[in-house]
Amino acid sequence: PDDLLEEAIQKEETLTLTEGENSFTRSYTDRSGRKTEVTFLVTLDTKPPEVTELAYPEVTQEAETEVTYKLDGLFTKKTLSLDPGKKDYTWIEKDEAQNETEIKVTISRDTEPPVLTLKSVSLTNKSSYTLIYEITDDLLTEPLPKEEAPVTLKEGENSFTRSYTDRSGRKT
């Protein structure tokens, strides 16, 4: 600082930066001959942040889930509130230089157990019977038909138990 200055001196110059760290050395000599030299470091960062190690469940029963990832090498996590069904979730992450990266994930939230519906007759006069049923589920794009090998029925009521577990772990 210049003891003889009554006001600070401000200097301005326009510089062209290159990507990465830029250094500028400037000096000032006051009226008494004392010299000060300073190197200023300015970083130009125009690259969007890099997202790696993105991890999330593709299917869940939960109303919220956590997405984890590295943003420019730093561990990051985001909690998402999930709507029922298969949905896309998108958000923007920014680095310190305010460069943006869009992150998009697709997650299916299963809110209903699968349904098994009998498609073959429930009353017959034939002892050879083919069990046909259909599985519907909010995680299936279309019903899943099932047909089993014929079985021999006994007179009266016959009972068949079948189950199905969907991708989220719900069982019927």
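Bear in mind the structure is a predicted one, so any value in this text is a computation, not a measurement. (Residues numbered from 1 in each chain as written. Predicted model: local features only at pLDDT ≥ 70, side-chain atom pairs only at ≥ 80, totals over all residues. Heavy atoms only, no water.)

How do you make sense of the sheet that holds strand β6 (residues 74-81) when you look at a structure like this?
Spatial ordering of the open sheet is given by β3-β5-β6, a layout of three strands whose pairing is antiparallel. Among the strands making up the open sheet, the edge pair consists of β3 (51-55) and β6. On average, adjacent strands in this sheet sit at an angle of 25 degrees to one another, irrespective of strand direction. (Pairing = 2+ DSSP bridges. Helix = DSSP H or I, 4+ residues; strand = E, 2+ residues; numbered from the N terminus. Axes fitted to C-alpha atoms, helices over the stretch in contact; angles between N-to-C directions.)

I keep staring at the side chain of Arg-109 and nothing clicks. Help me out?
Summarising the element assignment, Arg-109 is placed in strand β8 (residues 100-109). Despite its burial, Arg-109 pairs with no opposite charge; the closest candidate is Asp-83, at 6.1 Å N-O. Only 3.2 Å separates the side chain of Arg-109 from the backbone oxygen of Leu-82, close enough to count as a polar contact. Filtering out sequence-adjacent residues up to four positions away, Arg-109 remains in contact with Thr-60, Gln-61, Glu-62, Ala-63, Leu-82, Asp-83, Pro-84, Gly-85 and Asp-138. (Buried < 20%, exposed > 50% of the residue type's maximum accessible area, 1.4 Å probe, protein only. Lys, Arg positive; Asp, Glu negative; His and termini not counted. Salt bridge = Lys/Arg side-chain N within 4 Å of Asp/Glu carboxyl O. Polar contact = N/O pair within 3.5 Å; in protein donor to acceptor, adjacent residues only side chain to side chain. Contact = heavy atoms within 4.5 Å.)

How should I be thinking about the side chain of Asn-99 in this particular structure?
Along the chain, the position of Asn-99 falls in the loop between β7 (85-94) and β8. Dropping the residues within four chain positions of it, Asn-99 is found in contact with Asp-45, Thr-46, Lys-47, Pro-48, Pro-49, Glu-93 and Lys-94.

Help me out: how do you make sense of unusual backbone geometry in this one?
The phi torsion of most residues other than glycine is negative, and most of the peptide bonds are trans. Not every positive phi belongs to a glycine, and Glu-53 is a case in point at roughly 55 degrees. One non-glycine residue, Asp-72, lies in positive phi territory at about 50 degrees. As for its position among the elements, Asp-72 is in the loop between β5 (64-71) and β6. A relative accessible area of 45% means that Asp-72 is categorised as partly exposed.

Please clarify how the pairing of strand β2 (residues 35-44) should be interpreted in this entry.
Within a regular strand, side chains alternate between the sheet's two faces. Pairing of strand β1 (residues 20-29) with β2, which is carried by 10 bridges, proceeds in the antiparallel orientation. Within β2, the position partnered with Ser-23 by the bridge is Leu-41. Linking β1 to β2, which pair antiparallel, is a turn of five residues; within it Gly-33 sits at a positive phi near 100 degrees.

Hey, could you run me through the packing of aromatic side chains in this one?
Think of a pair of aromatic rings as described by two things: how far the centres are apart, and how the planes are tilted against each other in angle. Under the definition given, this model contains two aromatic pairs. Plain terms: the ring middles of Tyr-69 and Trp-91 are 6.1 Å apart, the flat faces sit at 45 degrees to each other, and that makes the pair tilted. Here Trp-91 lies in strand β7 and Tyr-69 lies in strand β5, a separation of 22 residues in the sequence. Across the pair, Trp-91 and Tyr-69 agree in class, each one buried. Pairing Tyr-129 with Phe-160 gives two aromatic rings, centres 6.0 Å apart and planes at 15 degrees, and the pair type is stacked. Remark: Phe-160 occurs in the segment after β13 (151-152) and Tyr-129 occurs in strand β10 (residues 128-129); sequence separation between them is 31 residues. Looking at Tyr-129, the relative accessible area reads 9%, which means it is buried. (Phe/Tyr/Trp six-rings, centres within 6.5 Å; stacked < 30°, edge-to-face > 60°.)

Even after reading the chapter, I still don't get the pattern of salt bridges, so can you show me in this structure?
Two side chains with opposite charge may pair up if their charged atoms get near one another. For the structure shown, the criterion picks out nine salt bridges. The partner of Arg-26 in a salt bridge is Glu-13, and the shortest N-O contact between them spans 2.8 Å. On the criterion of sequence distance, the pair formed by Arg-26 in strand β1 and Glu-13 in the segment before β1 is long-range, its members being 13 residues apart. For the salt bridge of Glu-53 with Lys-70, the shortest nitrogen-to-oxygen distance reads 3.5 Å. Of this pair, Glu-53 sits in strand β3 while Lys-70 is found in strand β5, placing the two residues 17 residues apart along the sequence. Given a relative accessible area of 28%, Lys-70 falls into the partly exposed group.

For this particular structure, what's the right way to read the layout of surface pockets?
A probe matching the size of a water molecule, rolled over the atoms, marks out where space remains unfilled. In this structure, the second largest pocket encloses a volume near 480 Å³. Contributing to the lining of the second largest pocket are 23 residues, with Val-121, Ser-122, Tyr-129, Asn-158 and Phe-160 lying nearest its centre. In terms of residues, the lining of the second largest pocket owes the most to one element, strand β9 (residues 115-118), which gives three residues. Grouping the constituent residues of the lining of the second largest pocket by class yields nine nonpolar, nine polar and five charged. (1 Å grid on protein atoms, 1.4 Å probe; cavity = no way out; pocket = protein on both sides within 12 Å on 5 of 7 lines; lining within 4 Å. Points joined across faces, edges and corners; volume = space filled by probe spheres on them. Nonpolar A, V, L, I, M, F, W, Y, C, P; charged D, E, K, R; others polar.)

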